Amino acid sequence: MPEALPAQAFWTVEPGRGEIRPALLGGTPDGDEVTVRALYSGVSRGTESLVFHGLVPPELHEVMRCPHQDGDFPGPVKYGYNLVGVIEDGPQAGQPVFCLHPHQTRLRVPATDLFPLPDGVPERRAVLAGIMETAVNLLWDALPPVGVRATVVGGGTVGCLAAFLLAQMPGADVQLVDVNPSRATIATQLGIPFARPEDATGERDLLVHTSGNAEGLTTALTLAGFEGTIIEASWYGRAMVSIPLGGAFHPRRLRLISSQVGSVAASMRPRRSHRDRLAFALSLLTDARLDALITSETPFAALPAVMKRLSAAPSNDLCLAVRYP
């Protein structure tokens, strides 16, 4: 009998506390399963911080489940969805792949759950794929026209990727807005103008809000021009949000639209599957400038302490890359 393979996984065992737990893979893959050795995973700070603190509302426990999640909210739960590894067995052995999977040293999954990395996409940068998929869905919800005047409010990883994609459109005038002045450096590396909220240009056609803060959404509403569209991509968990829908909101005929990655945007849903969308997101990661969004790296063994630190207070970190032995 083939020996079972040892593995380790990161779990949120209770709100605010994580630990590394053993995982054991059976000795023989079933059917079309393959074994993958992890190289890197990425921490999506917004959603994973809410999970780490046990802030997923009970009514969303099923909606917020990720592929290959074990356990239930608020914990113990094994959560995450940006993992890059290399296939260890079968005819595709040696192929680097992306998988929507929690943080784990080795995994066994159906081959259909894996996405081969496109040429020109290195393993470390590929941890941005799940977040790039969110940015793609944002634009599919927004349907920006050629020559769009767009502002992204919130310079986190999703916001930076959304601004990066918008800036590729012909004639687009794009700015990134954030209260943190250090985001100006990232914006410059991506080739996108940066502004603090008080200095941002108004009368915009399209606003994308990704800050996770009600003040950011208020800024987006303020900057929108007549019949402008605001795409709300932030998720607040259990928090109640207050925004100014009086004053000029109705006279300016503003549109406020929710965007969430769990469903393919309506504009593309008849023709694109979730798998199509993720494969497309991976193909958009060939630009080396995107490495600027991976601002820190940690070994897998340190993840419990690092998650506690990342989730405790705001920082300048964007995407955290977890490195596996």
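As a starting point, this report considers the structure included with it.

Definitions and limits used
- Residues numbered from 1 in each chain as written.
- Predicted model: local features only at pLDDT ≥ 70, side-chain atom pairs only at ≥ 80, totals over all residues.
- Heavy atoms only, no water.
- Pairing = 2+ DSSP bridges.
- Helix = DSSP H or I, 4+ residues; strand = E, 2+ residues; numbered from the N terminus.
- Contact = heavy atoms within 4.5 Å.
- Axes fitted to C-alpha atoms, helices over the stretch in contact; angles between N-to-C directions.
- Expected span 1.5 Å × (residues − 1).
- Buried < 20%, exposed > 50% of the residue type's maximum accessible area, 1.4 Å probe, protein only.
- Phe/Tyr/Trp six-rings, centres within 6.5 Å; stacked < 30°, edge-to-face > 60°.
- Lys NZ or Arg CZ within 6 Å of the ring centre and 35° of its normal.
- Polar contact = N/O pair within 3.5 Å; in protein donor to acceptor, adjacent residues only side chain to side chain.

1. A few points about the sheet that holds strand 12 (residues 194–195)
Strand order in the open sheet formed by 6 strands is 12-11-10-13-14-15, and the pairing between neighbours is parallel. A strand with exactly one partner marks an edge of an open sheet, and here the two such strands are strand 12 and strand 15 (255–258). Packing of helix 5 (residues 214–223) onto the sheet brings it into contact with strand 10 (149–153), strand 13 (204–209), strand 14 (224–232) and strand 15, and relative to strand 14 it is tilted by some 150°.

2. Re helix 2 (residues 129–142)
With 14 residues, helix 2 should reach 20 Å at 1.5 Å per residue; the first-to-last C-alpha distance of 20 Å fits that figure. Burial analysis of helix 2 places 12 of its 14 residues in the buried class, the great majority of the element. Turning to helix 2, its buried residues number three or more, namely A129, G130, I131, M132, E133, A135, V136, N137, L138, L139, W140 and A142. Those residues of helix 2 that are buried lie in contact with strand 7 (96–99), helix 3 (157–166), strand 13, strand 14, helix 6 (274–283) and strand 17 (319–323).

3. Points about the packing of aromatic side chains
Here the structure, examined in full by the defined rule, presents 4 aromatic pairs. What links up through ring pairs into an aromatic cluster is the set F73, Y79 and Y81. Positioned above the aromatic ring of W11, the side-chain terminus of R21 is 5.3 Å from the ring centre. Seen from the ring of F115, R275 lies directly overhead, with NZ or CZ sitting 4.1 Å from the centre.

4. Remarks on the side chain of E48
Inspection of the secondary structure assignment puts E48 in helix 1 (residues 45–52). Within the structure, the side chain of E48 is placed 2.9 Å from the side chain of H103, a separation counted as a polar contact. Discounting residues that sit within four places of it in the chain, E48 has contacts with G42, V43, Y79, G80, H103 and M307.

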